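Observations on the model geometry
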Amino acid sequence: MEIGKKLREARSEKGMTQEALAERLGVSRQTISSWENNRSYPDIVSLIALSDIYSLSLDGLLKGDKKMMEHLEESTNTVKSRQRLSKIILVTAYLMIWTMSVLVFWLGGRSDTMGYSILFFYLILLVSTLVISAFIGKDSGWENWRWVMLLFFGAMYMLADYATFSLANMMAFDKFNAVRIEDMLPGILCSAAGMAAGSTIRVIAGRIHRNV
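As the structure is a prediction and not an experimental result, all values here were calculated from the model. (Residues numbered from 1 in each chain as written. Predicted model: local features only at pLDDT ≥ 70, side-chain atom pairs only at ≥ 80, totals over all residues. Heavy atoms only, no water.)

Next up on the list: helix α3 (residues 29-36). If you check which residues of α3 are buried, you get I32, S33, S34, W35 and E36. Taken together, the buried residues of α3 touch α1 (3-14), α2 (18-25) and α4 (44-54). Residue N38 follows α3 closely and has a positive phi angle near 60°. (Buried < 20%, exposed > 50% of the residue type's maximum accessible area, 1.4 Å probe, protein only. Helix = DSSP H or I, 4+ residues; strand = E, 2+ residues; numbered from the N terminus. Contact = heavy atoms within 4.5 Å.)

Structure (structure tokens):
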């Protein structure tokens with residue numbers, strides 16, 4: 001049986017109108033009509049909501065509808081592609097800011113070390129870490145990568161200091177200094193704060209969506 005017919009019969013059994021269902025799901029009545037007449041298919045989030053409303057399992061809704069399964073597979077691949085693109089954009093944006101921070105130091109920042117330190121190390125670099133980490137915390141697609149990103153931001157903050165102030169001192173005094181692992185701490189703490197804020201926003205938004 002096609003999913004459209006299953007959805008129509010399930011709604012009728014619940015005694016719900018298309019308008020009432022549409023309001024509960026936050027979509028238009030025309031969308032509900034399109035689903036029930038197989039003109040379009042619900043996404044996975046809507047399917048989960050429908051299975052909850054109708055007290056039906058997802059397997060029961062999807063079983064036997066090959067086109068719907070193909071639609072879900074295509075939708076899932078699209079979502080994964082968007083998530084990968086989002087990850088690339090976020091990491092690239094941070095690396096561009098990091099690179100700019102180092103270049104500005106060597107192109108003129110050394111003449112005003114205190115001003116550079118305040119502007120880039122305590123403002124731009126940490127704020128960008130906070131903001132980008134918030135996006136990471138808000139996006140469930142980063143779930144398995146958050147600990148890695150904490151270390152990434154910590155390491156990049158440490159390397160920013162090493163590639164600027166530490167390297168300048170080594171060149172001035174003609175000596176070699178190893179990186180200091182403790183210099184990762186500001187980057188890690190800032191990233192953790194951003195991810196916590198993003199995760200909180202995601203949880204609150206999810207609760208609001210479920211209660212609508």
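Below, the discussion takes up helix α8 (residues 146-173). Helical geometry: 3.6 residues make up each α-helical turn, so side chains three or four residues apart lie on a common side. A rise of 1.5 Å per residue sets the reference length of α8, with its 28 residues, at 40 Å; its end C-alpha atoms lie 39 Å apart and thus fit the reference within 8%. Of all the bends found along α8, the most pronounced is centred on S166 and spans about 35°. A positive phi of about 50° marks D174, the residue just after α8. (Expected span 1.5 Å × (residues − 1). Bend = angle between axes of the 7 residues up to and from the residue.)

With 24 residues, the main nonpolar core has Y94, W98, F121 and I136 as its most contacted residues. Sorting the residues of this core by element identifies α6 (66-107), α7 (113-138), α8 and α9 (185-211) as the ones contributing at least two each. Looking at which element gives the most residues to this core, the answer is α8, with nine residues. Look past the residues within four positions of W98 in its chain and what remains in contact with it is L125, M156, L159 and A160. Formed by 15 residues, the second largest nonpolar core is a distinct cluster that contains I3, A10, L25 and L61. (Core = buried A, V, L, I, M, F, W, Y, C linked by side-chain atoms within 4.5 Å.)

Below, the discussion takes up a nonpolar patch on the surface. On the surface, L119, L123, V127, L130, V131 and F135 cluster together to form a nonpolar patch covering roughly 490 Å² of accessible area. Note on placement: L130 falls in helix α7. (Patch = residues over 30% accessible without salt bridge, like charges linked within 9 Å, V, L, I, M, F, W, Y side chains within 5 Å. Areas by Shrake-Rupley, 256 points an atom, 1.4 Å probe, with all protein chains shown as cover. Salt bridge = Lys/Arg side-chain N within 4 Å of Asp/Glu carboxyl O.)

For the rest of this paragraph, the subject is the packing of aromatic side chains. Applying the stated criterion to the full structure yields five aromatic pairs. Aromatic pair Y94 and F152: ring centres 5.7 Å apart, planes at 65°, arrangement edge-to-face. Here the residue Y94 occupies a position in helix α6, and F152 occupies one in helix α8, the gap between them amounting to 58 residues. The class of Y94 is buried, set by a relative accessible area of 0%. With relative accessibility at 23%, the residue F152 sits in the partly exposed group. Seen in terms of ring centroids, Y94 and F153 are 4.9 Å apart; in terms of plane orientation they differ by 85°. Their pairing is edge-to-face. Of the two residues, Y94 sits in helix α6 while F153 sits in helix α8, which places them 59 residues apart along the sequence. Taken individually, Y94 and F153 each receive the classification buried, so the pair is uniform in this respect. Aromatic rings pair up to connect Y94, F152 and F153 into one cluster. (Phe/Tyr/Trp six-rings, centres within 6.5 Å; stacked < 30°, edge-to-face > 60°.)

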